[in-house]
Every structure is written in C-alpha cells, then in structure tokens.
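Observations on chain architecture
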Amino acid sequence: QVQLVESGGGLVQAGGSLTLSCKASGSIFNIKAMGWYRQAPGKQRELVAAITSGGSTNYVDSVKGRFTISRDNAKSTVVLQMNSLKPEDTAVYYCHAEVMLRRWSPWETNWGQGTQVTVSS
C-alpha cells in the first residue's frame with residue numbers, strides 16, 4: 001500500500017508564508033505526477049499545483065506567482081512553498097500522487113489525509 005504523509009499546515013496571517021511537504025512511502029515502482037489539491041468549506045476540491053517526474057509544473061491561476069511546487073524524485077517528496085498568503089487560500093490541502101506499484105501495473109491515484117491551512121485577515 002502507498003501512504004502519502006503531509007506536514008506543514010497551520011495558521012498564518014495574511015501576507016505570511018507556509019511550506020507544505022508530502023512524502024510517499026510503500027512498495028512503489030514509479031511515481032508520475034505529484035501535486036496539491038485544496039478544498040474550502042462548501043466548495044469543490046480544486047487542483048492547486050502539480051509537477052511531473054520531469055519537473056513540468058502547473059498552477060491554478062489564483063496562486064501563480066505566489067506558490068511554488070517542487071519535487072525530489074529520489075525521496076518521493078513534493079513540497080509546496082506558499083508565499084503572500086491570502087484569506088481565500090484557507091482550505092484543507094491534500095497531497096496527490098499517481099503511483100505505479102509494480103512494473104506494468106496500472107497507475108493508481110493516491111491521496112494524503114489532508115492538512116489544514118488557515119490564513120487570517
């Protein structure tokens with residue numbers, strides 16, 4: 001089984017910064033995309049940022065220029081650096097990874113347990 005363990009959420013004032021980290025562990029053959037989603041109360045879960053194994057990144061428009069996603073393939077870790085945080089960034093943030101457990105097995109979607117990010121005004 002695959003586990004995605006997140007850390008780094010918390011409470012911060014508007015304009016502040018937080019760093020989220022997520023490490024994938026378990027019997028993993030390969031990891032394709034890794035990323036972060038978020039879900040605010042009463043809203044749908046949305047993609048915040050994603051990164052491929054080759055380093056290509058994708059961001060939702062609302063965080064471009066403020067958030068940076070990075071990845072360490074050797075450590076199966078993805079990091080989201082969040083700067084200039086706004087109250088509207090408040091949400092539960094979920095780590096996401098597309099994982100292949102064995103050679104030639106299908107890609108599987110895996111989620112972390114979620115970490116709360118609260119930005120006060």
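The structure this text deals with has already been given above.
Heads up: these notes are all about the structure in this document. (Residues numbered from 1 in each chain as written. Predicted model: local features only at pLDDT ≥ 70, side-chain atom pairs only at ≥ 80, totals over all residues. Heavy atoms only, no water.)

1. Thoughts on the pairing of strand β8 (residues 77–82)
The criterion, for reference: What makes two strands pair is DSSP finding at least two bridges between them. The way it works is that DSSP assigns letters per residue, a run of H or I at least four long becomes a helix, a run of E at least two long becomes a strand, and they are numbered from the N terminus.
Pairing between strand β3 (residues 18–26) and β8: six bridges, direction antiparallel. Bridge assignment links Thr19 to a residue of β8, and that residue is Gln81. Two successive antiparallel strands, strand β7 (residues 67–72) and β8, enclose a turn made up of four residues, where Ser76 displays a positive phi of approximately 50 degrees.

2. Quick notes on the state of the cysteines
The criterion, for reference: Only a pair of cysteine sulfur atoms within 2.5 Å qualifies as a disulfide here. For every residue, the accessible area obtained with a 1.4 Å probe (protein chains only) is divided by the maximum for its type, and the residue is called buried under 20%, exposed over 50%, and partly exposed between those limits.
Overall, the coordinates contain one disulfide when judged by the stated rule. Disulfide pairing is shown between Cys22 and Cys95; the S-S distance is 2.1 Å. Its torsion about the S-S bond being -85 degrees, the disulfide of Cys22 and Cys95 is classed as left-handed. Placement of the pair is Cys22 in strand β3 and Cys95 in strand β9 (residues 91–100), with a sequence separation of 73 residues. Note on Cys95: relative accessible area 0%, which makes it buried.

3. As for the nonpolar core
One recurring pattern in soluble globular proteins: nonpolar side chains tend to sit buried together. Put simply, the test is: Within this scheme, the nonpolar core is defined by two criteria: the residues are buried Ala, Val, Leu, Ile, Met, Phe, Trp, Tyr or Cys, and they are joined through side-chain atoms within 4.5 Å. What makes two residues a contact is simply this: any of their non-hydrogen atoms within 4.5 Å.
Membership of the largest hydrophobic core comes to 30 residues, with the highest contact counts inside it found for Trp36, Phe67, Ile69, Val78, Leu80, Met82 and Tyr93. Those elements giving two or more residues to this core turn out to be β1 (2–7), β3, β4 (30–39), β5 (46–51), β7, β8, β9 and β11 (115–120). Per element, the largest residue contribution to this core is five residues, and it comes from β9. Ignoring sequence-local partners within four residues, the contact set of Met82 consists of Gly16, Ser17, Leu18, Leu20, Arg66, Phe67, Tyr93 and Val117.

4. Re the side chain of Thr77
Under the convention used in this document: Identification of polar contacts relies on pairs of N or O atoms within 3.5 Å, with a donor-acceptor requirement for protein atoms, meaning one able to donate a hydrogen and the other able to accept it, and with residues adjacent in sequence counted only if both atoms are side-chain atoms.
The topology assignment puts Thr77 in strand β8. The buried category is assigned to Thr77, whose relative accessible area is 17%. In this structure the side chain of Thr77 is engaged in a polar contact, spanning 2.9 Å, whose partner is the backbone oxygen of Lys75. Every residue in contact with Thr77, bar those within four places of it in the chain, is listed here: Cys22, Lys23, Met34, Ser70, Arg71 and Asp72.

5. Here we look at the sheet that holds β3
Cut-off, in case you're wondering: Axis lines are fitted to C-alpha atoms, over the contacting stretch for helices. Their N-to-C directions set the angle, which ranges from 0 to 180 degrees.
Spatially, four strands are ordered β1-β3-β8-β7 in an open sheet, and the strand pairing comes out antiparallel. At either margin of the open sheet sits one strand with a lone partner, and together these are β1 and β7. Neighbouring strand axes in the sheet, compared pairwise and without regard to direction, differ in orientation by 15 degrees on average. Strand direction decides the pairing type here: β1 and β3, joined by six bridges, are antiparallel. Paired with Glu6 across the bridge in β3 is Cys22.

Read these as geometric descriptors, not functional statements.
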